[in-house]
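In case you want the letters, here they are:
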Amino acid sequence: MAELFRMPAVAADAATAVLSAWQVAEGEAFTKDDALVSIETDKAEVDVSAERDGVLLKALYEAGVEIEVGEPIAVLGAVGEQAGDLDALLAELGVGVAAPGEARQAVRRDVPEEPVARPEAAPASGGPDSGGRIFSSPLARRLAREAGLGIETLTGTGPGGRVVRRDVEAAVAARRTQVTQPPATPAPLAAAAPMPQAAEPAAPAGTGDHEDLPHTRMRRAIARRLTESKQHTPHFYLRATCAVDELLALRQRINAVSPVKVSVNDLLIKAVATAHTQVPEMNAVWQPEAVRRFRSVDVSVAIATDTGLVTPVLRGIENLSVSAIATRTRAFAEQARSGALRPADLEGGSITVSNLGMYGVEEFAAIINPPQAAILAIGAARDEAVVRDGAVTAAKVLGVVLSVDHRPVDGAVAARWLAAFTEAVQHPVRLVV
């Protein structure tokens, strides 16, 4: 029996989402757990899977439309069911029939609106058993859209012929070569070649001395949220310098025996959990009617990707070993760079850890990621002269800056937290016991 398939709430705070791509064609059958549709929010792009076997009778919106959560986006039927009279079926399900072009009009604001020419003869690449369907990662689809490439024109080199990021990057590089290297003998029809035409709508606007790169949905979200944070969150900042000689020695001993390689950042995340446990007043966020204090320690980790910064949340890390933290952090990094993070991975937490030490940055002050209460900015470890027991000696030190929301957290509480963090870093044996 036919039923409506509605725009799912893939993110807790999202009122709308963009229908990025249909993974099943109209009239095509699917099985349970098959990807039906790709949905994009401000934080991530995810594939929504089927809950049972069925067939897609009617797609109510084309790809690229921003739709309210809960709005019907398709009509699904049982296996073998035929659509029949679609207008009557939609009326029976309580869905109004829009005039041609209205319900299926794309309204995306973050990609060029012009139609993109696609080579008609380009073979679809979804693997030998794809049945005409194009299997691709969410990140590959996003990069292809932003570059003005049709995913069906790309040859997939991932598992089973899946189109992945490197395939899109290779196609973009090939297109640039075609555009920048015109044929030696111009022909009258050269200007109508398919690939250069496809490149023109997606080319950044600008003049000879600059180019304008259109905002992506993620970049708009980052700009909006961080601007709101600086405007509405009363930040204050605390700085500390931690001696890390013992921490670095501990890491070396751990990596000599552990099957999972542990980074300095993994140990520092564990130190954050230790400080949160000792100063639970910091494990809180501001709410309109109350200060919400959490019982478990959930920490966001800032990960840079080609499309923007994401902050997946490590949950319950007060109960995790350092090697478990390392494993989960690496998994998040891989998912972030392949576009496989789920919106649920990006929600929650009371503090973010942002580390620019690998770039040689000694110190920086980060902007709080709302609604969290703090963000810890970590710089590079460096050699400095320090005084110990009245004598000057060389030591490895690390600078950190704690940005704090003054609404749920007072200065004295943040100072106690930073002291607990510094103590855990400088005497790291407590991180592994």
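Just so it is clear, the structure is predicted and the values come from calculations on it, not from any experiment.

A.B. asks: Help me understand the sheet that holds strand β17 (residues 374-388) in this model?
C.D. replies: Paired through backbone hydrogen bonds, the strands of a sheet run either parallel or antiparallel to each other. What the 6 strands build is an open sheet, ordered β9-β18-β17-β16-β12-β15; its pairing is mixed. For this open sheet the edge positions go to β9 (235-243) and β15 (313-314), each flanked by a neighbour on one side alone. One ladder, built from 5 bridges, connects strand β16 (residues 351-355) with β17; its direction is parallel. Bridge assignment links N355 to a residue of β17, and that residue is I378. Its contacts with the sheet put helix α9 (residues 411-426) on β9, β16, β17 and β18 (391-405), and the angle it makes with β9 is roughly 20°.

A.B. asks: What is the right way to read the pattern of salt bridges from this model?
C.D. replies: Side-chain pairs of opposite charge can arise whenever the charged atoms involved come near each other. A complete count under the given rule lists 10 salt bridges for this structure. As a salt-bridge pair, R330 and D266 come within 3.0 Å of each other at their nearest N and O atoms. With R330 in helix α8 (residues 322-338) and D266 in helix α7 (residues 264-278), this pair connects stretches of sequence that are 64 residues apart. Classification of R330 by relative accessible area gives partly exposed; the value is 32%.

A.B. asks: How should I be thinking about the confidence of the model for the chain in this particular structure?
C.D. replies: Low pLDDT means the predicted coordinates in that region are not meant to be read closely. With 80% of its residues at a pLDDT of 70 or more, the chain shows a mean pLDDT of 81. Predicted confidence for residues 97-131 stays below pLDDT 50, and this span has 69 contacts to residues more than four positions away or in other chains. Long-range and interchain partners of residues 183-203, a stretch whose pLDDT sits below 50, account for 21 contacts in this model, where long-range means more than four residues apart.

A.B. asks: Mind showing me how you'd approach the environment of E62 here?
C.D. replies: By the secondary structure assignment, E62 is in the loop between β6 (54-59) and β7 (65-68). Judged by its relative accessible area of 29%, E62 is partly exposed. Between the alpha carbons of E62 and L19 there is a distance of 7.6 Å; along the sequence they are 43 residues apart.

A.B. asks: What is the right way to read the packing of aromatic side chains from this model?
C.D. replies: Between two aromatic rings, the relevant description is the distance of the centres plus the angle of the planes. Taken as a whole and assessed by the stated rule, the structure comprises 1 aromatic pair. Aromatic side chains W417 and F421 sit 5.6 Å apart centroid to centroid with 5° between the ring planes, which places their arrangement in the stacked category. Note that W417 and F421 are positioned in helix α9 at a spacing of 4 residues, about one turn of the helix.

A.B. asks: I tried to follow the sheet that holds strand β1 (residues 3-6) on my own but got confused; where do I start?
C.D. replies: Pairing within the open sheet is antiparallel, and its 4 strands lie in the order β1-β8-β6-β3. Each edge of the open sheet is held by one strand with a lone partner, namely β1 and β3 (29-30). Direction of pairing for β1 relative to strand β8 (residues 72-77): antiparallel, over a ladder of 4 bridges. In the sheet register, E3 faces β8, and the bridge partner there is L76.

A.B. asks: How should I be thinking about α7 in this particular structure?
C.D. replies: Residues spaced three or four apart along an α-helix point in a common direction, a consequence of the helix completing one turn every 3.6 residues. Over its 15 residues, α7 extends 21 Å from the first C-alpha to the last, a length consistent with the 21 Å expected when each residue adds 1.5 Å. Most of α7 sits out of view: 12 of its 15 residues are buried. For α7, the full list of buried residues reads N265, D266, L267, L268, I269, K270, A271, V272, A273, T274, A275 and H276.

A.B. asks: What should I look at first to understand the packing of helix α6 (residues 245-257) against α7 in this one?
C.D. replies: The relative placement of two packed helices comes down to the angle between their axes together with the axis-to-axis distance. Between α6 and α7, the least distance of the axes is 10 Å, while the angle of their chain directions is 115°. Overall, the two elements α6 and α7 adopt an arrangement that is roughly perpendicular. When you trace α6 past α7, the crossing you get is right-handed. Contacts between α6 and α7 involve L247, L248, L250, R251 and I254 from the first element and V264, L267 and L268 from the second. Considered class by class, the residues forming the contact of α6 with α7 number 7 nonpolar, no polar and 1 charged.

A.B. asks: Would you mind going over the nonpolar core with me for this structure?
C.D. replies: Among soluble globular proteins, nonpolar side chains are generally buried collectively. Ranked by size, the top nonpolar core spans 56 residues in total, and within it M282, I317, L402, W417 and F421 carry the most contacts. Here the element with the most residues in this core is α9; it accounts for 8 residues. When neighbours within four sequence positions are excluded, F421 is seen to be in contact with C242, L268, A271, V272, A275, L376 and V400. By size, the runner-up hydrophobic cluster in this structure holds 27 residues, among which are V46, I73, A74 and V75.

A.B. asks: Explanation requested: the side chain of K270 in the structure shown.
C.D. replies: Positionally, K270 belongs in helix α7. Here K270 sits buried without a salt bridge, and the closest side chain of opposite charge, E318, lies 7.3 Å off (N-O distance). Side-chain polar atoms of K270 contact the backbone oxygen of I317, separated by 3.2 Å. In this view, K270 contacts I317, E318, L320, V322, I325 and L431; residues no more than four positions away in its chain are not counted.

A.B. asks: Got a minute to help me understand the environment of I303 in this structure?
C.D. replies: For I303, the location among the structural elements is in strand β13 (residues 303-305). For I303, a relative accessible area of 6% puts it in the buried group. When the C-alpha atoms of I303 and R337 are compared, they prove to be 8.8 Å apart, with 34 residues separating the residues in sequence. Among residues more than four places away in sequence, those in contact with I303 are G308, L309, V310, P312, F332, A333, A336 and R337.

A.B. asks: How do you make sense of the environment of L213 when you look at a structure like this?
C.D. replies: Within the secondary structure, L213 sits in the loop between α4 (194-202) and α5 (217-232). Sequence separation between L213 and E146 is 67 residues; the distance between their C-alpha atoms is 9.9 Å.

A.B. asks: Please clarify how the packing of α7 against α8 should be interpreted in this entry.
C.D. replies: At a closest axis distance of 9 Å, the pairing of α7 and α8 adopts a crossing angle of 115°. In terms of axis orientation, α7 runs roughly perpendicular to α8. Handedness of the crossing formed by α7 with α8: right-handed. Where α7 abuts α8, its residues D266, L267, I269 and K270 lie against V322, I325, A326, T329 and R330.

A.B. asks: Looking at this model, I keep getting lost on a nonpolar patch on the surface. Mind explaining?
C.D. replies: Taken together, the side chains of V429, V432 and V433 define a hydrophobic patch exposed on the protein surface, amounting to about 320 Å² of accessible area. With respect to the helices and strands, V429 occurs in the segment after α9. For V429, a relative accessible area of 57% puts it in the exposed group.

Analysis parameters
Residues numbered from 1 in each chain as written. Predicted model: local features only at pLDDT ≥ 70, side-chain atom pairs only at ≥ 80, totals over all residues. Heavy atoms only, no water. Pairing = 2+ DSSP bridges. Helix = DSSP H or I, 4+ residues; strand = E, 2+ residues; numbered from the N terminus. Contact = heavy atoms within 4.5 Å. Axes fitted to C-alpha atoms, helices over the stretch in contact; angles between N-to-C directions. Salt bridge = Lys/Arg side-chain N within 4 Å of Asp/Glu carboxyl O. Buried < 20%, exposed > 50% of the residue type's maximum accessible area, 1.4 Å probe, protein only. pLDDT = per-residue confidence, 0-100. Phe/Tyr/Trp six-rings, centres within 6.5 Å; stacked < 30°, edge-to-face > 60°. Expected span 1.5 Å × (residues − 1). Parallel < 35°, antiparallel > 145°, perpendicular 65-115°, else oblique. Left-handed = near helix turned anticlockwise from the far one by under 90°. Nonpolar A, V, L, I, M, F, W, Y, C, P; charged D, E, K, R; others polar. Core = buried A, V, L, I, M, F, W, Y, C linked by side-chain atoms within 4.5 Å. Lys, Arg positive; Asp, Glu negative; His and termini not counted. Polar contact = N/O pair within 3.5 Å; in protein donor to acceptor, adjacent residues only side chain to side chain. Patch = residues over 30% accessible without salt bridge, like charges linked within 9 Å, V, L, I, M, F, W, Y side chains within 5 Å. Areas by Shrake-Rupley, 256 points an atom, 1.4 Å probe, with all protein chains shown as cover.

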